[in-house]
Amino acid sequence: MKGIVFVHFMEMIGEKFGLQMEDHLVSISDLPSDGIYTTVGTYDHTELLELVGRLSNETGEAAGDIVTDFGRYLFSKLAESYGRLLNNIPDVFSLLTQVDDFIHVEVRKLYPEAELPSFQHQLLNGGRLELIYQSPRPFENLARGLIEGAIAYYNEPVQLEKMEPMPGGPNQYRFLLTR
Ligand code: HEM
(Lines give C-alpha, C1' and ligand atoms only; values in the text may rest on other atoms or scores of the structure.)
Protein backbone atom coordinates (compact mmCIF):
# COMPACT_ATOMS: atom_id res chain seq x y z
CA MET A 1 0.00 0.00 0.00
CA LYS A 2 1.30 3.42 -0.94
CA GLY A 3 2.87 5.61 1.70
CA ILE A 4 0.49 8.44 0.92
CA VAL A 5 -2.25 6.41 2.61
CA PHE A 6 -0.11 5.85 5.75
CA VAL A 7 1.05 9.46 5.88
CA HIS A 8 -2.56 10.68 5.86
CA PHE A 9 -3.57 8.04 8.41
CA MET A 10 -0.90 9.18 10.87
CA GLU A 11 -1.82 12.80 10.18
CA MET A 12 -5.47 12.05 11.02
CA ILE A 13 -4.42 10.37 14.29
CA GLY A 14 -2.31 13.42 15.14
CA GLU A 15 -5.18 15.80 14.45
CA LYS A 16 -7.74 13.74 16.37
CA PHE A 17 -5.71 12.51 19.34
CA GLY A 18 -2.44 14.46 19.32
CA LEU A 19 1.17 13.64 18.54
CA GLN A 20 1.54 11.57 21.69
CA MET A 21 -1.03 9.08 20.42
CA GLU A 22 0.81 8.88 17.08
CA ASP A 23 4.04 7.96 18.88
CA HIS A 24 2.30 5.63 21.31
CA LEU A 25 0.50 3.81 18.51
CA VAL A 26 3.75 3.25 16.61
CA SER A 27 5.47 2.02 19.77
CA ILE A 28 2.81 -0.60 20.58
CA SER A 29 2.31 -1.78 16.97
CA ASP A 30 4.23 -4.49 15.21
CA LEU A 31 5.42 -2.64 12.09
CA PRO A 32 8.16 -3.84 9.71
CA SER A 33 8.62 -0.18 8.66
CA ASP A 34 8.92 0.97 12.30
CA GLY A 35 6.18 3.47 11.47
CA ILE A 36 8.41 5.59 9.27
CA TYR A 37 6.36 6.41 6.20
CA THR A 38 7.05 8.58 3.16
CA THR A 39 4.37 9.44 0.60
CA VAL A 40 6.22 7.71 -2.25
CA GLY A 41 7.21 4.58 -0.31
CA THR A 42 5.31 1.29 -0.42
CA TYR A 43 4.43 -0.69 2.71
CA ASP A 44 2.56 -3.86 3.53
CA HIS A 45 -1.16 -3.09 3.76
CA THR A 46 -1.34 -5.23 6.91
CA GLU A 47 0.54 -2.42 8.68
CA LEU A 48 -2.55 -0.26 8.30
CA LEU A 49 -4.74 -3.03 9.72
CA GLU A 50 -2.29 -3.41 12.63
CA LEU A 51 -2.41 0.34 13.38
CA VAL A 52 -6.21 0.36 13.16
CA GLY A 53 -6.51 -2.67 15.48
CA ARG A 54 -4.24 -1.07 18.08
CA LEU A 55 -6.06 2.26 17.86
CA SER A 56 -9.35 0.43 18.31
CA ASN A 57 -8.00 -1.16 21.52
CA GLU A 58 -6.78 2.19 22.78
CA THR A 59 -9.94 4.19 22.05
CA GLY A 60 -12.73 1.59 22.12
CA GLU A 61 -13.91 2.71 18.66
CA ALA A 62 -14.74 -0.21 16.35
CA ALA A 63 -12.01 -0.90 13.79
CA GLY A 64 -14.50 -0.67 10.92
CA ASP A 65 -15.63 2.79 12.04
CA ILE A 66 -12.02 3.99 12.31
CA VAL A 67 -11.38 2.87 8.73
CA THR A 68 -14.61 4.46 7.47
CA ASP A 69 -13.77 7.77 9.18
CA PHE A 70 -10.32 7.56 7.68
CA GLY A 71 -11.77 7.01 4.20
CA ARG A 72 -13.78 10.22 4.52
CA TYR A 73 -10.69 12.07 5.69
CA LEU A 74 -8.55 10.53 2.96
CA PHE A 75 -10.92 11.58 0.19
CA SER A 76 -10.68 15.24 1.20
CA LYS A 77 -6.87 14.99 1.20
CA LEU A 78 -6.72 13.18 -2.15
CA ALA A 79 -9.08 15.77 -3.62
CA GLU A 80 -6.62 18.48 -2.50
CA SER A 81 -3.54 16.73 -3.88
CA TYR A 82 -5.10 15.39 -7.07
CA GLY A 83 -7.64 18.15 -7.76
CA ARG A 84 -6.78 18.09 -11.46
CA LEU A 85 -8.27 14.60 -11.73
CA LEU A 86 -11.59 15.93 -10.44
CA ASN A 87 -11.67 19.08 -12.63
CA ASN A 88 -13.83 17.62 -15.35
CA ILE A 89 -15.99 15.45 -13.14
CA PRO A 90 -19.19 17.37 -12.40
CA ASP A 91 -20.96 15.18 -9.85
CA VAL A 92 -20.56 12.26 -7.49
CA PHE A 93 -22.16 9.58 -9.73
CA SER A 94 -19.79 10.59 -12.57
CA LEU A 95 -16.88 10.21 -10.19
CA LEU A 96 -17.96 6.85 -8.80
CA THR A 97 -18.53 5.40 -12.27
CA GLN A 98 -14.99 6.46 -13.28
CA VAL A 99 -12.93 5.18 -10.37
CA ASP A 100 -11.77 2.08 -12.29
CA ASP A 101 -11.56 3.51 -15.80
CA PHE A 102 -10.06 6.89 -15.04
CA ILE A 103 -9.11 7.80 -11.45
CA HIS A 104 -7.23 4.66 -10.53
CA VAL A 105 -5.80 4.41 -14.07
CA GLU A 106 -4.19 7.80 -13.48
CA VAL A 107 -3.08 6.69 -10.02
CA ARG A 108 -1.35 3.69 -11.57
CA LYS A 109 0.51 5.95 -14.01
CA LEU A 110 1.91 7.85 -11.02
CA TYR A 111 2.51 4.75 -8.89
CA PRO A 112 2.94 1.63 -11.04
CA GLU A 113 3.13 -0.55 -7.92
CA ALA A 114 -0.21 0.69 -6.48
CA GLU A 115 -2.51 -2.03 -5.17
CA LEU A 116 -5.95 -1.00 -6.32
CA PRO A 117 -9.39 -2.55 -5.92
CA SER A 118 -11.94 -2.95 -8.70
CA PHE A 119 -15.33 -1.23 -8.83
CA GLN A 120 -17.97 -2.43 -11.25
CA HIS A 121 -20.84 -0.02 -11.64
CA GLN A 122 -24.38 -0.05 -12.92
CA LEU A 123 -26.90 2.77 -13.10
CA LEU A 124 -30.31 1.46 -12.05
CA ASN A 125 -33.69 3.09 -12.54
CA GLY A 126 -34.95 5.48 -9.90
CA GLY A 127 -31.69 7.43 -9.82
CA ARG A 128 -29.79 4.61 -8.18
CA LEU A 129 -26.19 3.51 -8.62
CA GLU A 130 -24.84 0.09 -7.75
CA LEU A 131 -21.12 -0.32 -7.13
CA ILE A 132 -19.44 -3.67 -6.59
CA TYR A 133 -16.16 -3.49 -4.70
CA GLN A 134 -13.70 -6.33 -5.07
CA SER A 135 -10.15 -6.56 -3.77
CA PRO A 136 -7.60 -9.07 -2.52
CA ARG A 137 -7.45 -6.77 0.55
CA PRO A 138 -10.18 -6.13 3.14
CA PHE A 139 -10.67 -2.40 2.63
CA GLU A 140 -14.43 -2.28 2.07
CA ASN A 141 -14.80 0.20 4.93
CA LEU A 142 -12.18 2.40 3.32
CA ALA A 143 -14.30 2.26 0.15
CA ARG A 144 -17.34 3.24 2.20
CA GLY A 145 -15.52 6.22 3.71
CA LEU A 146 -14.14 7.32 0.35
CA ILE A 147 -17.66 7.16 -1.13
CA GLU A 148 -19.02 9.21 1.79
CA GLY A 149 -16.12 11.64 1.40
CA ALA A 150 -16.92 12.05 -2.29
CA ILE A 151 -20.58 12.76 -1.48
CA ALA A 152 -19.51 15.41 1.04
CA TYR A 153 -17.03 16.90 -1.46
CA TYR A 154 -19.71 17.34 -4.12
CA ASN A 155 -22.25 18.34 -1.47
CA GLU A 156 -25.07 16.52 -3.24
CA PRO A 157 -28.18 14.94 -1.70
CA VAL A 158 -26.92 11.43 -2.45
CA GLN A 159 -27.49 8.68 0.13
CA LEU A 160 -25.54 5.51 0.66
CA GLU A 161 -28.56 3.23 1.13
CA LYS A 162 -26.85 -0.12 1.49
CA MET A 163 -23.50 -1.78 1.93
CA GLU A 164 -23.70 -5.56 1.93
CA PRO A 165 -21.29 -8.46 1.49
CA MET A 166 -21.63 -10.45 -1.73
CA PRO A 167 -21.80 -14.24 -1.62
CA GLY A 168 -18.94 -14.55 -4.17
CA GLY A 169 -16.07 -14.46 -1.70
CA PRO A 170 -14.28 -12.30 0.84
CA ASN A 171 -13.68 -8.60 0.22
CA GLN A 172 -16.57 -8.34 -2.19
CA TYR A 173 -19.22 -5.78 -1.30
CA ARG A 174 -22.22 -4.19 -2.95
CA PHE A 175 -22.92 -0.50 -2.39
CA LEU A 176 -26.25 1.03 -3.35
CA LEU A 177 -26.59 4.79 -3.68
CA THR A 178 -29.63 6.92 -4.45
CA ARG A 179 -30.12 10.53 -5.49
C1 HEM B 1 -9.20 11.76 -6.32
C2 HEM B 1 -9.69 10.55 -6.25
C3 HEM B 1 -8.87 9.32 -5.86
C4 HEM B 1 -7.51 9.12 -5.85
C5 HEM B 1 -6.42 10.12 -6.25
C6 HEM B 1 -7.28 7.76 -5.36
C7 HEM B 1 -6.03 7.21 -5.15
C8 HEM B 1 -5.78 6.04 -4.50
C9 HEM B 1 -4.48 5.60 -4.02
C10 HEM B 1 -3.16 6.37 -4.20
C11 HEM B 1 -4.65 4.40 -3.41
C12 HEM B 1 -3.56 3.56 -2.73
C13 HEM B 1 -3.06 2.47 -3.62
C14 HEM B 1 -2.04 1.63 -2.87
O15 HEM B 1 -2.04 1.68 -1.68
O16 HEM B 1 -1.19 0.94 -3.47
C17 HEM B 1 -6.06 4.09 -3.48
C18 HEM B 1 -6.62 2.95 -2.96
C19 HEM B 1 -7.97 2.75 -2.85
N20 HEM B 1 -8.96 3.48 -3.48
FE21 HEM B 1 -8.71 5.23 -4.48
N22 HEM B 1 -8.47 7.15 -5.14
C23 HEM B 1 -9.46 8.06 -5.40
C24 HEM B 1 -10.81 7.86 -5.31
C25 HEM B 1 -11.39 6.72 -4.82
C26 HEM B 1 -12.81 6.54 -4.63
C27 HEM B 1 -13.90 7.58 -4.93
C28 HEM B 1 -12.98 5.28 -4.12
C29 HEM B 1 -14.27 4.59 -3.77
C30 HEM B 1 -15.26 4.44 -4.59
C31 HEM B 1 -11.67 4.68 -4.00
C32 HEM B 1 -11.41 3.44 -3.48
C33 HEM B 1 -10.16 2.95 -3.10
C34 HEM B 1 -9.96 1.83 -2.21
C35 HEM B 1 -11.06 1.01 -1.54
C36 HEM B 1 -8.57 1.68 -2.06
C37 HEM B 1 -7.81 0.65 -1.17
C38 HEM B 1 -7.20 -0.49 -1.92
C39 HEM B 1 -8.04 -1.76 -1.91
O40 HEM B 1 -9.23 -1.73 -1.50
O41 HEM B 1 -7.54 -2.82 -2.32
N42 HEM B 1 -10.73 5.56 -4.45
N43 HEM B 1 -6.72 5.09 -4.16
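Up top is the structure.
Residues numbered from 1 in each chain as written. Predicted model: local features only at pLDDT ≥ 70, side-chain atom pairs only at ≥ 80, totals over all residues. Heavy atoms only, no water.

**Description of the environment of G145**
Tracing the sequence through the fold places G145 in helix α8 (residues 140–154). Under the relative-accessibility criterion, G145 is labelled buried at 0%. If we skip the residues at most four places from it in the chain, G145 touches T68, G71 and R72. (Helix = DSSP H or I, 4+ residues; strand = E, 2+ residues; numbered from the N terminus. Buried < 20%, exposed > 50% of the residue type's maximum accessible area, 1.4 Å probe, protein only. Contact = heavy atoms within 4.5 Å.)

**Considerations on the pairing of strand β1 (residues 118–124)**
For β1 and strand β2 (residues 128–134), the ladder comprises seven bridges, and the chain directions are antiparallel. Counted as the bridge partner of L123 is L129 from β2. Where β1 folds back onto β2 in an antiparallel hairpin, the turn is made up of three residues, including G126, whose phi is positive at roughly 80°. (Pairing = 2+ DSSP bridges.)

**Some remarks on the coordination of the iron atom of the ligand**
Looking at the iron atom of the ligand, one finds just one donor atom contributed by the protein, H104 (NE2), at 2.1 Å. Mapped onto the elements of the fold, H104 is located in helix α7 (residues 99–110). (Donors = N, O, S within 2.8 Å, 3.2 Å for Na, K, Ca; no water.)

**Digging into the nonpolar core**
Counting 53 residues, the largest nonpolar core has F9, L48, F70 and L177 as the members making the most contacts within it. Not counting residues within four places of it along the chain, the set of residues in contact with F9 comprises L48, L51, V52, L55, I66 and F70. (Core = buried A, V, L, I, M, F, W, Y, C linked by side-chain atoms within 4.5 Å.)

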